[in-house]
There are 2 protein chains.
Amino acid sequence: MNISTKSEYGLRALIHLASNTGREALPAREIGERWHVPVKYLEQILTALKEAGIVESQVGASGGYRLARPATLITAGEVIRVLDGRLAPVGCVSTYDYEPCEFEPACGLKTLWARTRAAIIGVLDQTTIADLCIPPKPQKLVVLKTASK
Amino acid sequence: MNISTKSEYGLRALIHLASNTGREALPAREIGERWHVPVKYLEQILTALKEAGIVESQVGASGGYRLARPATLITAGEVIRVLDGRLAPVGCVSTYDYEPCEFEPACGLKTLWARTRAAIIGVLDQTTIADLCIPPKPQKLVVLKTASK
DNA sequence: TGAAATCCTAGAGAAACGATGGACATTGTC
DNA sequence: GACAATGTCCATCGTTTCTCTAGGATTTCA
């Protein structure tokens, strides 16, 4: 049930682009250096995202990438589908990439996979890049030394 | 986000064992033939399940495998963890197989992965082999010809 | 004794993963 | 116009993982 580094890198890049609305286009090099992603590999990822209509690119000096839509309209699920393929754990319960199975329809597992898929999609298709830009709440409260001592 | 055939085969084998409570031990050959699983591959899978305490084996002629516990006490999540590894999509949100990540704790993605993991676990750890033995409700109602003609 | 099983180890073959490299086209700046 | 920075495109490559195969040793029962 692993997410590939490809999706991980792609999401990081989109978060980076969404957080830098002030500037026009960001080069892949800058994103790669910030997030420790091999630049040439990142280019491939961004190219895939461009073909999917998620980012736009600008060639030439001072070129780079920018979001093709507001970050609120790009879901994590869409990004992962582009980079990693289907979200469903098996083909027989996928709508985007359905593959028949010899044991359908009387298959005890199909129900399990369908529920799993629904659970995954419920999270990934409801979360947008904008949601991911909000820093998470701190896990621990740091208790400051009191001045009473 | 794929489930491997290993887990698929393992779950099928367990469903098969759970559905045949009358007999003592079932040989891997019988399960493999019924579910189109290569027998030698299935042996490896059943060995892993044995080491995990999910099935028991009996060596020798008329030997085979049986569940080590009632099917109601074996969850799909446990089986998949044994055969496929962790259920979490990335190591940084796994409790069974935690791996640190350089961007913790201020990582926008961690929250997403944690929610995804929770959603997956919510399904897989709540479903038992016994649940999977119940045939799913028919998708379509077949309307019988009435005798009125 | 022999057939039918599990047990154990090794490894082949293919696919996926995670990059790397180079040539080329485009753009902005000096 | 030269040049540097950038995206585009295509090819390749090493490693790991997945799926399955192979062969033999051991145990058990009739």
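Everything below is about the structure printed above this text.
Residues numbered from 1 in each chain as written. Chains lettered and ligands numbered in written order. Predicted model: local features only at pLDDT ≥ 70, side-chain atom pairs only at ≥ 80, totals over all residues. Heavy atoms only, no water.

Enquirer: For this particular structure, what's the right way to read the pattern of salt bridges?
Expert: Pairing between side chains of opposite charge can happen when their charged atoms approach one another. All names here are of chain B. Overall, the coordinates contain 20 salt bridges over all chains when judged by the stated rule. Of the charged contacts, one joins E8 and R12 as a salt bridge, the two residues approaching to 2.8 Å between their closest N and O atoms. Remark: R12 and E8 occur in helix α1 (residues 5-18); sequence separation between them is 4 residues, near one turn of the helix. For the pair shown, E8 and R12 are each scored as buried. Measuring nitrogen to oxygen at the nearest pair gives 3.0 Å for the salt bridge that ties R81 to D125. Linking R81 in helix α4 (residues 76-84) with D125 in the loop between α5 (108-124) and α6 (129-133), this pair joins segments that are 44 residues apart in sequence. Here R81 falls in the buried class, since its relative accessible area comes to 16%. By relative accessible area, D125 is classed as partly exposed at 21%. (Salt bridge = Lys/Arg side-chain N within 4 Å of Asp/Glu carboxyl O. Helix = DSSP H or I, 4+ residues; strand = E, 2+ residues; numbered from the N terminus. Buried < 20%, exposed > 50% of the residue type's maximum accessible area, 1.4 Å probe, protein only.)

Enquirer: Can you help me understand the pairing of strand β1 (residues 55-58) of chain B in this one?
Expert: One face of the sheet, then the other: side chains in a regular strand alternate in exactly this way. Bridging between β1(B) and strand β2 (residues 64-67) of chain B involves 4 bridges; their strand directions are antiparallel. Within β2(B), the position partnered with B:E56 by the bridge is B:R66. (Pairing = 2+ DSSP bridges.)

Enquirer: In this structure, what is going on with the protein's contact with DNA strand C? I would like to understand it.
Expert: In the neighbourhood of DNA strand C, 25 residues make up the surrounding shell, with A:Y9, A:K40, A:Q44, B:A28 and B:S57 lying closest. In DNA strand C, atoms within 4 Å of the protein come from the sugar-phosphate backbone in 61% of cases. Within the contact set of DNA strand C, a base oxygen lies 2.3 Å away from a side-chain nitrogen or oxygen of A:K40. Here a base nitrogen of DNA strand C and a side-chain polar atom of B:Q44 are 3.5 Å apart. Sorting the residues of the surface near DNA strand C by element identifies α1 (5-18) and α3 (39-51) of chain A together with α2 (28-35), α3 (39-51), β1 and β2 of chain B as the ones contributing at least two each. Here the surface near DNA strand C takes 4 residues from α3(B), the largest share from any one element. Considered class by class, the residues forming the surface near DNA strand C number 10 nonpolar, 10 polar and 5 charged. (Near = heavy atom within 4 Å. Polar contact = N/O pair within 3.5 Å; in protein donor to acceptor, adjacent residues only side chain to side chain. Nonpolar A, V, L, I, M, F, W, Y, C, P; charged D, E, K, R; others polar.)

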